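# Geometric and topological summary
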Amino acid sequence: MSKDENETKPPGGTQDERLLETPSADEFLHTDTWRVFRIMGEFVQGFEDLAHIKNGVSVFGSARTPPDHPEYQAALETGAMLARVGCTVITGGGPGIMEAANRGAFEAGGASVGCNIELPHEQSSNPYLTLSLKFKYFFVRKMMFVKYSNAFIIFPGGFGTLDELFEALTLIQTHKIHYFPVVLYGSKYWQEMLDWLRGRMLSEGKIVEDDFRRLHVTDSPEEIVSVVKTYDPSGSEPSNHLR
């Protein structure tokens, strides 16, 4: 089997899993060095496909949220409203909250982007996309969300949702990226996390009061859109939005 065939047809697991495995000395020359080119290719393809994106807003949330759930309906409404004010809605391209936001934008006649990811159990793209991308590496996909977004909207979700939330906050806090709005939808869902952050984490000096200015909590799709519309990329960070 050639090096290329060995890269594209390895036994089991995802590309991320194989990348993060520690290779034996003899495997290194036949796997990791060649994998760099696949990663480069994925970056290049993502940049080319998303280069035209304007006013991107990434929406995150649980893939397990059913269509009859109030949070799905709120994400649907949010996606539609964002599309109507000229924003491109970007999600992970899957079901649940992602589908809802894409569906809202799609049915409102706006741009609806899905950045899907290779998983051990295939996650199919939702049918409400004007542009669908498929990534093998989480870190490449995560860069696309940050690079092409002017705001992150975080609906209730699990580990993946929290991962995107705290990566954005970390990048803003460390000035690796300029401030952009990070909005938490669903005050009741997020309240205990915020209490812990403000209580234990803040009281022990792990974060500072200023860090809370980077979060906005709301129960209103209209307010989400208002925050996005009033964001000025050339301006300073906002005053404290936490209630």
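Predicted model only: the values in this text are computed from it and were never measured.

### Some words on the packing of aromatic side chains
Enumeration according to the criterion identifies 10 aromatic pairs in this entry. Aromatic pair Phe43 and Phe47: ring centres 6.0 Å apart, planes at 35 degrees, arrangement tilted. Linking Phe43 with Phe47, this pair stays in helix 4 (residues 32-50), spanning 4 residues, or about one helical turn. Residue classification places Phe47 among the partly exposed positions, given a relative accessible area of 30%. Every member of this aromatic cluster is reached through a ring pair, and the members are Phe43, Phe47, Tyr137 and Phe139. The ring of Phe212 carries Arg198 above its face, with NZ or CZ at 4.1 Å from the centroid.

### Remarks on helix 10 (residues 221-230)
The set of residues buried in helix 10 consists of Pro221, Ile224, Val225, Val227 and Val228. Burial along helix 10 is one-sided: seen end-on, the buried residues are contained in an arc of 155 degrees. Residues of helix 10 that are exposed and point over 90 degrees away from its buried face: Lys229 and Thr230. As for helix 10, its buried residues are in contact with strand 1 (56-60), helix 5 (70-84), strand 5 (151-154), strand 6 (182-185) and strand 7 (216-218).

### Topic: the pairing of strand 6
The side-chain alternation of strand 6 yields two buried faces, one formed by Val182 and Leu184 and the other by Val183 and Tyr185. Note that strand 5 and strand 6 share 3 bridges and pair parallel. Within strand 6, the position partnered with Phe152 by the bridge is Val182. Sheet topology note: the strand 6/strand 7 ladder contains 3 bridges and is parallel. If you follow Val183 over to strand 7, its bridge partner there is His216. Regarding topology, helix 9 (residues 187-203) serves as the crossover connection from strand 6 to the parallel strand 7, and that connection is right-handed.

### Notes on the packing of helix 4 against helix 7 (residues 138-147)
Put simply, helix 4 and helix 7 touch, their axes get as near as 10 Å, and they point 25 degrees apart. Our classification of the angle between helix 4 and helix 7 gives roughly parallel. Considering only the axes of helix 4 and helix 7, their crossing is right-handed. Judged by residue contacts, Ile39, Glu42, Phe43, Gly46, Phe47 and Leu50 of helix 4 engage Phe139, Val140, Met143, Met144 and Lys147 from helix 7. Taken together, the residues of the contact of helix 4 with helix 7 sort by class into 8 nonpolar, 1 polar and 2 charged.

### What about the confidence of the model for the chain?
Summing up the model confidence of the chain, the mean pLDDT is 87 and the portion of residues at 70 or higher is 83%. Below a pLDDT of 50 lies the segment residues 1-11, which in the model reaches 12 contacts outside its immediate sequence neighbourhood of four places, other chains included. Contacts for the low-pLDDT stretch residues 239-243, under 50 throughout, to residues beyond four places or in other chains number 17 contacts.

### Looking at the environment of Cys115
With respect to the element layout, Cys115 can be found in strand 3 (residues 112-117). Residue Cys115 is classed as buried on the basis of its relative accessible area of 0%. As a C-alpha pair, Cys115 and Gly46 span 69 residues in sequence and 9.2 Å in three-dimensional space. Filtering out sequence-adjacent residues up to four positions away, Cys115 remains in contact with Leu50, Ile90, Thr91, Gly92, Gly93, Leu133, Phe135, Arg141 and Phe145.

What counts and what doesn't
Residues numbered from 1 in each chain as written. Predicted model: local features only at pLDDT ≥ 70, side-chain atom pairs only at ≥ 80, totals over all residues. Heavy atoms only, no water. Phe/Tyr/Trp six-rings, centres within 6.5 Å; stacked < 30°, edge-to-face > 60°. Helix = DSSP H or I, 4+ residues; strand = E, 2+ residues; numbered from the N terminus. Buried < 20%, exposed > 50% of the residue type's maximum accessible area, 1.4 Å probe, protein only. Lys NZ or Arg CZ within 6 Å of the ring centre and 35° of its normal. Arc of directions from axis to C-beta. Contact = heavy atoms within 4.5 Å. Pairing = 2+ DSSP bridges. Right-handed = clockwise from strand over helix to strand, strands pointing away. Axes fitted to C-alpha atoms, helices over the stretch in contact; angles between N-to-C directions. Parallel < 35°, antiparallel > 145°, perpendicular 65-115°, else oblique. Left-handed = near helix turned anticlockwise from the far one by under 90°. Nonpolar A, V, L, I, M, F, W, Y, C, P; charged D, E, K, R; others polar. pLDDT = per-residue confidence, 0-100.

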